[in-house]
Amino acid sequence: ADSSAAQSKWQTKRQLPFPLISDPKRSLIGILGAGDGNKTKHSHFVFEKGGKLLDQRIPVKPVDSPRLALEFIKGLS
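Here we summarise the structure given alongside this text. (Residues numbered from 1 in each chain as written. Predicted model: local features only at pLDDT ≥ 70, side-chain atom pairs only at ≥ 80, totals over all residues. Heavy atoms only, no water.)

Structural notes on the overall build of the chain
Phase 1: Regarding its fold elements, the chain presents three helices and four strands.
Phase 2: Reading the chain from its N end, one meets helices and strands in the order α-α-β-β-β-β-α.
Phase 3: For 77 residues, the compact-globule estimate of 2.2 N^0.38 gives 11 Å, and the C-alpha radius of gyration of the chain, at 12 Å, lies within 12% of that figure.
Phase 4: Taken along its principal axes, the extent of the C-alpha atoms in the chain is 35 × 25 × 25 Å. (Helix = DSSP H or I, 4+ residues; strand = E, 2+ residues; numbered from the N terminus. Rg over C-alpha atoms; globule rule 2.2 N^0.38 Å.)

This is the structure:
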């Protein structure tokens, strides 16, 4: 549910080599099952080009999320 600016800051801080999706209106969050009332469960999702969902982690610790996502992506090669 973070803004685009917050996502960009997190991406830069963690040096993530992949884009992040911003969903401040929480529409996609609900569809993906990460909504928890008015809150959002810590989660991450990996999509391929074209939008197919390849991996999801609900819940996931924010500190672990970048490493787990990168491990998943590297495992696709």
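Structure's up, so let's keep going.
Focus: the environment of Pro-19
Phase 1: Mapping Pro-19 onto the fold places it in the loop between helix H1 (4-13) and helix H2 (27-32).
Phase 2: Remark: the alpha-carbon pair of Pro-19 and Gln-7, spanning twelve residues in sequence, is separated by 8.9 Å.

Some words on the side chain of His-44
Phase 1: Following the sequence through the fold, His-44 ends up in strand S3 (residues 44-47).
Phase 2: According to the relative accessible area criterion, His-44 is buried, its value standing at 7%.
Phase 3: A polar contact is formed between the side chain of His-44 and the side chain of Ser-65, at a distance of 2.7 Å.
Phase 4: Setting aside chain neighbours within four positions, we find His-44 in contact with Asp-55, Gln-56, Arg-57, Val-60, Ser-65, Leu-68 and Ala-69. (Buried < 20%, exposed > 50% of the residue type's maximum accessible area, 1.4 Å probe, protein only. Polar contact = N/O pair within 3.5 Å; in protein donor to acceptor, adjacent residues only side chain to side chain. Contact = heavy atoms within 4.5 Å.)

Remarks on the pattern of salt bridges
Phase 1: Scanning the entire structure with this criterion turns up three salt bridges.
Phase 2: In this structure, the salt-bridge partner of Asp-55 is Arg-57, at a minimum N-O distance of 3.8 Å.
Phase 3: Judged by its relative accessible area of 30%, Arg-57 falls in the partly exposed class.
Phase 4: The partner of Arg-67 in a salt bridge is Asp-64, with the nearest N and O atoms 3.7 Å apart.
Phase 5: Via salt bridges that share partners, Asp-64, Arg-67 and Glu-71 belong to a single interconnected network. (Salt bridge = Lys/Arg side-chain N within 4 Å of Asp/Glu carboxyl O.)

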